[in-house]
Amino acid sequence: MTALRSIFKQGREPSLVPNYIIMGVLLAFALAPILVLVFNSLKGTAEIGTNPLGPPQEIVWENFPNAWTQGNFANTMGNSAFLVVSTVTLQLALCGLAAYSLARLKPPGGNAYMVVLLVGTTIPFWLYVVPLFILWRTLGLVNNLLGLIIIYTAGGAPFAIFLLRAFMLAIPSDLEDAARIDGANEYQVFRHVILPLAWPGFLTVGLVTALGVWSEYQTALIFVTNPDLYPVTTSYTAFVGRFSRDWGLTSAAAIMMIAPVLIIFLSLQRRFIEGLTQGGVKL
């Protein structure tokens, strides 16, 4: 009888085949453009015209060094790396302290400040870009990477504070009380108790910020007009304008531009998902 029950129970279990089919179709839609881009980056212009979607018949490795040299990507990728490192460092430092203050110190008006942050995330950037540009030009921050760092840090601050605050609210306060009894001040509590326990949240914020800064285009296009200060996105646009008919060269440049993003995200995607799910408990 037990064997018969197990057989009937297995027969009633839903099949996972439709799920795998749907996931396979979605995966194909996601990977197909990247695969075609890789194929075209290894082709010559003539072959792309006759075979735009298939694998290369003759691999042209020269597309990558030529694109790297002619697009000046050594300089522009260095600019983007500087923007990413500076923005992530500044945002984690400032937003971490702000989130700790809102989660644990409970300053007067803290709830109102959270409402202001929530409202601020709904305001489109284009509503205040003109007065911001005038202010930045007056302060000498146009054509200045520092100006971009400030904008990126301020723009990502609401999300960072919300997520880090949620992580810190989930940490038991008994651990902090024990540290204070041992004579630790607030900074020591934050550094030695909160940071080790909330590091998945900091990693998630840092990853989101890094990906956003690396791929950001519109703000850099408006506030930076000096080609020597271009980040990689705006330099790629200028590169495509110069070599719009050489699809192999522009495809190779695109691969070099997105490769760091893919490597970082794929290597940290598990931590990224864990951070978002854990931080979404007490938003």
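The notes below deal with the structure included here. (Residues numbered from 1 in each chain as written. Predicted model: local features only at pLDDT ≥ 70, side-chain atom pairs only at ≥ 80, totals over all residues. Heavy atoms only, no water.)

Section: the nonpolar core
Core analysis: the largest hydrophobic core is formed by 33 residues, its most contacted members being Ala-67, Phe-73, Leu-83, Leu-148, Phe-223 and Phe-239. Put simply, the parts of the chain that give this core at least two residues each are helix 5 (73-105), helix 7 (129-139), helix 8 (145-169), helix 10 (186-215), helix 11 (218-223), helix 12 (232-242) and helix 13 (247-279). Tallying contributions element by element places helix 13 first for this core, with six residues. (Core = buried A, V, L, I, M, F, W, Y, C linked by side-chain atoms within 4.5 Å. Buried < 20%, exposed > 50% of the residue type's maximum accessible area, 1.4 Å probe, protein only. Helix = DSSP H or I, 4+ residues; strand = E, 2+ residues; numbered from the N terminus.)

Observations regarding helix 10
For helix 10, spanning 30 residues, the distance from its first C-alpha to its last is only 36 Å, which falls clearly below the expected 44 Å at 1.5 Å a residue. Along its length, helix 10 shows its largest kink, about 65 degrees, at Trp-199, and proline Pro-200 lies within four residues downstream of that point. Its side-chain oxygen 3.3 Å from the backbone nitrogen of Tyr-187, Asn-185 forms the N-cap of helix 10. (Expected span 1.5 Å × (residues − 1). Bend = angle between axes of the 7 residues up to and from the residue. Polar contact = N/O pair within 3.5 Å; in protein donor to acceptor, adjacent residues only side chain to side chain.)

As for the packing of helix 6 (residues 110-120) against helix 8
Two elements in contact, helix 6 and helix 8, have axes whose closest approach is 9 Å; the angle formed by their N-to-C orientations is 130 degrees. Taken together, helix 6 and helix 8 sit at an angle that is classed as oblique. Helix-helix and strand crossings are classified by hand; for helix 6 and helix 8 the assignment is left-handed. Listed contacts from helix 8 to Tyr-113, Met-114, Leu-117 and Leu-118 of helix 6 are Pro-158, Ile-161, Phe-162 and Arg-165. (Axes fitted to C-alpha atoms, helices over the stretch in contact; angles between N-to-C directions. Parallel < 35°, antiparallel > 145°, perpendicular 65-115°, else oblique. Left-handed = near helix turned anticlockwise from the far one by under 90°. Contact = heavy atoms within 4.5 Å.)

Some words on the layout of surface pockets
Considered as a void within the structure, the largest pocket measures approximately 730 Å³ in volume. Here the lining of the largest pocket gets nine residues from one element, more than from any other, and that element is helix 8. Of the residues assigned to the lining of the largest pocket, the class counts are 17 nonpolar, nine polar and one charged. (1 Å grid on protein atoms, 1.4 Å probe; cavity = no way out; pocket = protein on both sides within 12 Å on 5 of 7 lines; lining within 4 Å. Points joined across faces, edges and corners; volume = space filled by probe spheres on them. Nonpolar A, V, L, I, M, F, W, Y, C, P; charged D, E, K, R; others polar.)

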